[in-house]
Amino acid sequence: MERLPDFCQTRILKPGYFTFELPVTAFGIHDSMVMEISVEYMESEDQGQYLANIWCRQRSAHSKHFLYALAAPASADADAEESIVNTLNDDPAFGPIMLDYIDEAVKHRCD
């Protein structure tokens with residue numbers, strides 16, 4: 001039995017990528033923990049929005065965890081990173097998801 005087909009078509013997409021650090025105090029938690037947020041994104045086919053995957057880990061942790069998928073509007077007034085961060089800040093679902101992740105990260109903190 002062959003594990004791979006004789007022919008497979010692969011389409012390689014090159015997403016953009018950026019990271020930023022976010023102290024948990026931004027969520028009202030009194031702790032010194034800092035989260036590293038990683039964002040991989042690409043522009044949609046119609047170029048009307050950025051499609052982003054948000055990953056998170058405690059700063060200095062060895063592994064990242066997928067946290068959230070986001071669609072941010074593309075704008076001539078803002079670059080991709082700014083548009084994604086602004087959309088993330090305004091997204092009502094992101095805060096509770098981030099709080100749940102912080103709660104789990106505190107149980108397994110690496111510092």
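Residues numbered from 1 in each chain as written. Predicted model: local features only at pLDDT ≥ 70, side-chain atom pairs only at ≥ 80, totals over all residues. Heavy atoms only, no water.

**Let's talk about the packing of aromatic side chains**
When we look at a pair of aromatic rings, we describe it by the centre distance and by the angle of the planes.
Move 1: Per the stated rule, a full pass over the model turns up five aromatic pairs.
Move 2: Ring centres 6.0 Å apart and planes at 55° place the aromatic pair Tyr-68 and Phe-94 in the tilted group. Remark: Phe-94 occurs in helix H2 (residues 94-107) and Tyr-68 occurs in strand E4 (residues 65-73); sequence separation between them is 26 residues.
Move 3: Under the relative-accessibility criterion, Phe-94 is labelled buried at 7%.
Move 4: An aromatic cluster is built from Phe-18, Phe-20, Tyr-41 and Tyr-50, whose rings are joined through pairwise contacts. (Phe/Tyr/Trp six-rings, centres within 6.5 Å; stacked < 30°, edge-to-face > 60°. Helix = DSSP H or I, 4+ residues; strand = E, 2+ residues; numbered from the N terminus. Buried < 20%, exposed > 50% of the residue type's maximum accessible area, 1.4 Å probe, protein only.)

**Here we look at the side chain of Gln-58**
Move 1: As for its placement among the helices and strands, Gln-58 is situated in strand E3 (residues 49-58).
Move 2: If sequence neighbours within four positions are ignored, Gln-58 has contacts with Met-33, Val-34, Met-35, Tyr-101, Ala-105, Arg-109, Cys-110 and Asp-111. (Contact = heavy atoms within 4.5 Å.)

**Regarding the pairing of E4**
Move 1: Pairing of E3 with E4, which is carried by eight bridges, proceeds in the antiparallel orientation. From the neighbouring strand, Gln-49 faces E4, where its bridge partner is Pro-73.
Move 2: Counted between consecutive antiparallel strands, the loop separating E3 from E4 contains six residues, among which Ser-60 sits at a positive phi close to 80°. (Pairing = 2+ DSSP bridges.)

**Observations concerning the pattern of salt bridges**
Move 1: The full count for this structure, using the stated rule, is five salt bridges.
Move 2: For Arg-109, the salt bridge identified is with Asp-31, shortest N-O distance 3.0 Å. Of this pair, Arg-109 sits in the segment after H2 while Asp-31 sits in the loop between strand E1 (16-23) and strand E2 (34-43), and the two are 78 residues apart along the sequence.
Move 3: As a salt-bridge pair, Glu-36 and Arg-57 come within 3.1 Å of each other at their nearest N and O atoms. Residue Glu-36 is found in strand E2, and its partner Arg-57 is found in strand E3; the two are separated by 21 residues along the sequence. The exposure classification of Glu-36 matches that of Arg-57, with both residues buried. (Salt bridge = Lys/Arg side-chain N within 4 Å of Asp/Glu carboxyl O.)

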